[in-house]
Amino acid sequence: MHAFWVAGFDPNNVSTGTQPPVALWFMAISAKCFGVHTWSLVLPSIGFGVGSVALIYQLIMPTFGRVSGRLAALAMTLTPVVVTNLRANNLDTTLLFFLLLACLLLEKALAQDQLGWLIGSFAMIGIAFNIKLMQAFLILPIMVIIYWLATTTSWRQKLTHLSLAAVTLIALSFVWPLSIDFTTTQTATQTSALQLAFSTNTNQSLLAQSSYTSDSSTAQPKQLANSTTHPNRTTATSMTRSTANRPAPNQATTTTATTQSLVQATVGSQGSWLLPFAIFGLFGGLSFFRDAKRKWWQLTNKQQQLLLWAGWLLPVYGLLMINAFQADTLVMLAPAIAALFGITLPVLIRLYHRSTLNNWQYYLLPLAIVTTTSLQAWYVYNYYALLAWLLLAIGAVVSMVLISGRQRRASAG
């Protein structure tokens, strides 16, 4: 149990990793139950991945209906990086499940106005912190904003509830690193587990290593400078970065993060294939769900839901832009993009039918279609050039038909 708690990699507890152990615990439990096999180590990722799809449906369906829930779940299921993560003993799949569970509990807290659900939501973020450190906190600001905007209680009660939830978050986040520090023999030149948890180098390295396994033939080890020494053990941390320019199927790569790299064919095809549709849909949804009787800052429940997913997407996108990352980490974009796609596809269709040619909302659906198919055609071109041209043609034709068809009906009328 001691080796289990400190994430020991060998029976004598000589070597451990500096990353938190929660994702590894599920693999260890599976191996204990079924033996050490490839499938038993991947089994937790499969379960968490399927569970994440179910959570996406449960998050969308109550507010926007079954059609939107199913579209979001379908988009999540078909996202390439999600499929790839399901097939590996991966940190990100486990992290994603607990973040989505935190969002679901937050929605229950808002719907039932109960403190227990809010504390449970922040508790899930604390557990997620012990999976991939500061990456788990990316959605925390938007969760606080949504709770503050959505609840109708006094600001004092809001502050009290958020404070209690924050105490729970801090307790669960720090329980593992503090327990390691209290049982660790350290020298003046070594760094504690708590310091490592908030180290920029540690968090950037975890972005560059999503999985516990790597292909040594395509990766170069990068040793983390800081380490923590436990009695009778040493810390061994090897962060890998792929040097391949064009990945083989299911091969995870690490790239220098720029705006272009998040949508370029090598990386963007894994997670950003519906990003243009999600962006156009976000603007359309915020307009469609607006209540004319309210002031512009008084958001409706459906607008708050859209804001939640936008608040998930933007920080993750920003983090990947400024850090080197492994392609598997793009799975963090999948829930927000899938949710926005599922919610706003029916919305853009309704806006198209009820808007006039002089209304900007009328053009959102054609623009979403042509930009999304163009981006996907670019992704496909290096592999299937004919299919790429076909996608491009379909997107252009559908968009022109949508615009010209309404123009002809307007002229006839």
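Not measured: the values here are computed from a predicted model.

About the criteria used
Sequence order sets the numbering: in each chain, residues are counted from 1 along the sequence as written. Owing to the predicted nature of the model, reporting of local features is limited to residues with pLDDT of at least 70; listing and counting of side-chain atom pairs is limited to 80 or more, with chain, interface and lining totals taken over all residues. Side-chain metrics rest on all non-hydrogen atoms present in the structure, leaving aside hydrogens and water. Helix and strand definitions follow DSSP, with helices as H or I runs of at least four residues and strands as E runs of at least two, each counted in order from the N terminus. Burial classes: relative accessible area under 20% of the type maximum marks a residue as buried, over 50% as exposed, and values in between as partly exposed (1.4 Å probe, protein chains only). For this analysis, residues touch if any pair of their heavy atoms sits within 4.5 Å. Only the protein chains shown count as cover for residues, and all accessible areas are computed by the Shrake-Rupley method using a 1.4 Å probe. The definition of a nonpolar core used throughout is a set of buried Ala, Val, Leu, Ile, Met, Phe, Trp, Tyr and Cys residues joined through side-chain atoms within 4.5 Å. A side-chain nitrogen of Lys or Arg and a carboxyl oxygen of Asp or Glu constitute a salt bridge if their distance falls within 4 Å. Axis definition: a line fitted to C-alpha atoms, limited for helices to the stretch in contact. Angles are taken between N-to-C directions and run from 0 to 180 degrees. By definition in this entry, angles of less than 35 degrees are roughly parallel, angles greater than 145 are roughly antiparallel, angles of 65 to 115 are roughly perpendicular, and the rest are oblique. Residue polarity follows a fixed list, in which Ala, Val, Leu, Ile, Met, Phe, Trp, Tyr, Cys and Pro are nonpolar, Asp, Glu, Lys and Arg are charged, and the others, Gly among them, are polar. An expected span of 1.5 Å times one less than the residue number is assigned to each helix. This arc is built from the directions going out from the helix axis to the C-beta atoms. Two rings from Phe, Tyr or Trp (for Trp, the six-membered ring) form a pair when their centres sit within 6.5 Å of each other. Planes less than 30 degrees apart are called stacked, planes more than 60 degrees apart edge-to-face, and all others tilted. Only lysine NZ and arginine CZ atoms are considered, and such an atom sits over a ring when it is within 6 Å of the ring centre and within 35 degrees of the ring normal. In this scheme the crossing of two helices becomes right-handed for a clockwise turn of the near helix relative to the far one and left-handed for an anticlockwise turn of less than a right angle. Surface patches are drawn from residues lacking salt bridges whose relative accessible area is over 30%; two like charges belong together within 9 Å, two nonpolar side chains (Val, Leu, Ile, Met, Phe, Trp, Tyr) within 5 Å. Pairs of N or O atoms within 3.5 Å make up the polar contacts considered here, provided that, within protein, one atom can donate a hydrogen while the other can accept it, and that residues adjacent in sequence are counted only when both atoms are side-chain atoms.

Focus: the overall build of the protein
Point 1. Secondary structure assignment for the protein yields 17 helices and six strands.
Point 2. Buried positions account for 53% of the 413 residues belonging to the protein.
Point 3. Within the protein, contacts between residues separated by at least 24 positions form 71% of all contacts whose residues are at least 6 apart in sequence.
Point 4. Taken as a whole, the protein presents about 19200 Å² of accessible surface, with 65% of it coming from carbon and sulfur.

Let's talk about the nonpolar core
Point 1. Counting 96 residues, the largest nonpolar core has Met 76, Leu 99, Leu 100, Ile 125, Trp 309 and Trp 312 as its most contacted members.
Point 2. At 14 residues, helix α6 (residues 91-112) tops the list of elements feeding residues into this core.
Point 3. Filtering out sequence-adjacent residues up to four positions away, Leu 99 remains in contact with Ile 125, Ala 128, Ala 136, Ile 139, Trp 312 and Met 332.

What to know about the pattern of salt bridges
Point 1. In the structure shown here, the tally under the stated rule is one salt bridge.
Point 2. One salt bridge connects Asp 92 with Lys 132, and the closest N-O pair in it is separated by 2.8 Å. Here Asp 92 is found in helix α6, whereas its partner Lys 132 is found in helix α7 (residues 115-132), with 40 residues between them in sequence.

A few points about the environment of Arg 290
Point 1. When you line up the elements, Arg 290 lands in the loop between α13 (275-288) and α14 (301-322).
Point 2. As for Arg 290 and Gln 303, which are separated by 13 residues in sequence, their C-alpha atoms are 7.2 Å apart.

Things to note about the packing of α7 against helix α8 (residues 140-150)
Point 1. For the pair α7 and α8, the least separation of the axes is 12 Å and the interaxial angle reads 170°. What the angle tells us is that α7 and α8 run roughly antiparallel. Counting all contacts with α7, which are made through Leu 118, Ser 121, Phe 122 and Ile 125, the residues of α8 involved are Leu 140, Met 143, Val 144 and Tyr 147.
Point 2. Per-class residue counts for the contact of α7 with α8 are seven nonpolar, one polar and no charged.

Describing the environment of Ile 127
Point 1. Inspection of the secondary structure assignment puts Ile 127 in helix α7.
Point 2. Classification of Ile 127 by relative accessible area gives partly exposed; the value is 24%.
Point 3. Separated by 49 residues in sequence, Ile 127 and Trp 176 have C-alpha atoms that sit 9.8 Å apart.
Point 4. Apart from residues lying up to four places away in sequence, Ile 127 is in contact with Val 22, Phe 98 and Leu 172.

A few points about helix α4 (residues 66-78)
Point 1. Over its 13 residues, α4 runs 18 Å from end to end, which matches the ideal 18 Å to within 8%, given 1.5 Å per residue.
Point 2. Along α4, the residues that are buried comprise Ser 68, Gly 69, Ala 72, Ala 73, Ala 75 and Met 76. Buried residues in α4, looked at end-on, bunch into an arc of 160°, giving them a common side. Seen from the buried face of α4, the exposed residues on the opposite side, beyond 90 degrees, are Arg 66, Val 67 and Arg 70.
Point 3. Structurally, α4 contributes buried residues whose contacts are with α3 (38-64), α5 (80-86), α6 and α15 (334-354).

As for the packing of aromatic side chains
Point 1. Under the criterion given, the structure shown has 16 aromatic pairs.
Point 2. With a centroid separation of 5.0 Å and 20° between ring planes, the pair formed by Phe 129 and Phe 137 is classed as stacked.
Point 3. By relative accessible area, which is 1% here, Phe 129 ends up buried.
Point 4. An aromatic cluster is present here, built from Phe 26, Phe 48, Phe 97 and Phe 98 joined pairwise through their rings.
Point 5. Here Lys 108 stacks its cationic end above the ring of Trp 117, 5.6 Å away from the centre of that ring.

Description of the packing of α3 against α6
Point 1. Across the interface, α3 lies against α6 with an axial gap of 9 Å and an inter-helix angle of 25°. Taken together, α3 and α6 sit at an angle that is classed as roughly parallel. Our pair here, α3 against α6, has a crossing hand that is left-handed. Counting all contacts with α3, which are made through Ser 45, Phe 48, Gly 49, Gly 51, Ser 52, Leu 55, Ile 56, Gln 58 and Leu 59, the residues of α6 involved are Thr 93, Thr 94, Leu 96, Phe 97, Phe 98, Leu 100, Leu 101, Cys 103, Leu 104 and Glu 107.
Point 2. Residues belonging to the contact of α3 with α6 are distributed by class as follows: eleven nonpolar, seven polar and one charged.

Structural notes on unusual backbone geometry
Comment: phi is negative for the bulk of residues other than glycine, and the bulk of peptide bonds are trans.
Point 1. Although it is not a glycine, Asp 113 adopts a positive phi angle of roughly 55°.
Point 2. Within the secondary structure, Asp 113 is located in the loop between α6 and α7.
Point 3. Relative accessible area serves as the criterion here: at 45%, Asp 113 is assigned to the partly exposed category.
Point 4. In the Ramachandran plot, Leu 133 falls in the positive-phi region, its phi being about 55° despite a non-glycine side chain.
Point 5. Within the secondary structure, Leu 133 sits in the loop between α7 and α8.

So, a nonpolar patch on the surface
Point 1. There is a patch of nonpolar side chains on the surface, built from Tyr 383, Tyr 384, Leu 387, Leu 390, Ile 394 and Val 398 and spanning about 580 Å² of accessible area.
Point 2. Its place among the elements puts Leu 390 in helix α17 (residues 385-412).

Remarks on the environment of Tyr 379
Point 1. Summarising the element assignment, Tyr 379 is placed in helix α16 (residues 364-381).
Point 2. Tyr 379 sits 112 residues away from Val 267 along the chain, and the two C-alpha atoms are 9.3 Å apart.

Looking at the side chain of Gln 304
Point 1. Of note, Gln 304 is situated in helix α14.
Point 2. Take Gln 304: its relative accessible area is 9%, and that puts it in the buried class.
Point 3. Among the polar contacts made by the side chain of Gln 304, one reaches the main-chain carbonyl oxygen of Leu 299 at a distance of 3.4 Å.
Point 4. Among all residues touching Gln 304, those that are not within four sequence positions of it are Ile 146, Leu 149, Ala 150 and Leu 299.

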